[in-house]
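If you want the building blocks of each chain, they are given just below.
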Amino acid sequence: MAYWLLKSEPDVYGIRDLERQKTTVWDGVRNYQARNFLRAMQVGDLVFFYHSSTAFPGIAGLCRVIETEVVDPTQFDPRSDYFDPQSRPDAPRWWTVRVQFVQAFANVLGLEVLRQHFSPDELWTLRRGNRLSVMPVKEAVARKILELAQT
DNA sequence: GCCAACGTTGGC
DNA sequence: GCCAACGTTGGC
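Residues numbered from 1 in each chain as written. Chains lettered and ligands numbered in written order. Predicted model: local features only at pLDDT ≥ 70, side-chain atom pairs only at ≥ 80, totals over all residues. Heavy atoms only, no water.

1. Some details on the pairing of strand β1 (residues 3-8)
- Counting buried positions along β1 yields six of six residues, so the element is predominantly enclosed.
- A two-sided burial pattern is seen for β1, the buried positions comprising Tyr3, Leu5 and Lys7 on one face and Trp4, Leu6 and Ser8 on the other.
- Pairing geometry for β1 and strand β3 (residues 46-51), over six bridges, is parallel. Directly across from Leu6, in β3, lies its bridge partner Phe49.
- One ladder, built from four bridges, connects β1 with strand β6 (residues 134-137); its direction is antiparallel. From the neighbouring strand, Leu6 faces β6, where its bridge partner is Val134. (Buried < 20%, exposed > 50% of the residue type's maximum accessible area, 1.4 Å probe, protein only. Helix = DSSP H or I, 4+ residues; strand = E, 2+ residues; numbered from the N terminus. Pairing = 2+ DSSP bridges.)

2. As for the nonpolar core
- With 43 residues, the main nonpolar core has Phe48, Ile59 and Ile145 as its most contacted residues.
- Among the elements that make up this core, the one with the highest residue count is strand β5 (residues 95-110) (six residues).
- For Ile59, the residues in contact, after removing those within four places along its chain, are Leu5, Phe48, Phe49, Tyr50, Phe105, Asn107, Val108, Leu109, Leu114 and Ile145. (Core = buried A, V, L, I, M, F, W, Y, C linked by side-chain atoms within 4.5 Å. Contact = heavy atoms within 4.5 Å.)

3. So, the UniProt feature "domain: EVE" (unreviewed entry) in chain A
- Following the UniProt record, the feature "domain: EVE" (unreviewed entry) maps to residues 2-148 here.
- Taken end to end, residues 2-148 comprises 22% helix and 33% strand; its first and last C-alpha atoms sit 19 Å apart. (UniProt positions renumbered as here; feature names shortened; annotations may be inferred.)

4. With respect to unusual backbone geometry
- The phi angle at Lys22 is positive, at roughly 75°, despite the residue not being glycine.
- Structurally, Lys22 is set in the loop between α1 (15-21) and β2 (23-25).
- Under the relative-accessibility criterion, Lys22 is labelled partly exposed at 49%.
- Despite not being glycine, Ser53 shows a phi value in the positive range, around 50°.
- Note on Ser53: relative accessible area 55%, which makes it exposed.

5. Topic: the protein's contact with DNA strand C
- As a structural note, the neighbourhood of DNA strand C is formed by Lys7, Tyr50, Ser52, Ser53, Pro57, Leu111, Arg115, Asn130 and Arg131.
- Near-protein atoms of DNA strand C (within 4 Å) split between backbone and bases, with sugar and phosphate holding 80%.
- Residue Lys7 places a side-chain N or O atom 2.7 Å away from a phosphate oxygen belonging to DNA strand C.
- Here a phosphate oxygen of DNA strand C and a backbone polar atom of Ser53 are 3.0 Å apart.
- Considered class by class, the residues forming the surface near DNA strand C number three nonpolar, three polar and three charged. (Near = heavy atom within 4 Å. Polar contact = N/O pair within 3.5 Å; in protein donor to acceptor, adjacent residues only side chain to side chain. Nonpolar A, V, L, I, M, F, W, Y, C, P; charged D, E, K, R; others polar.)

Right under this line is the structure:
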């Protein structure tokens, strides 16, 4: 089983939205590196839910991959912000996963706490200028995050 | 709102 | 294939 991190702006879609919906298709990713990570996910993988572009950025909760190789439907929707006119239904460009809510952390693990425990190379969200919205998390780092979240 | 950092685009 | 210009991201 692998661990990952997904970024989202809570004003658009936060951990509480996922809690309410229970599951969601993680649509709208339009970056090839991020897409490749999405395609590498396996059912059962654990995913940290990161809140970005908000007053208290940080890791807000946990979810789990429950379906892989999902074709992102927004790429074919002309009214969607994520419409990709160059993507063909017989050869979709953008693939994603469906995730299921697991837990909202009692307290968001903010950047200050994360920086105390991890280097930018261990946790890529800490890298300056990092814009990648889907990234892998090493098991040792994931275990530590889970430990921090319970305290 | 600012601005540094990054990915993408497009002219050549 | 290069690279400057541009648009976007995201912390502050």
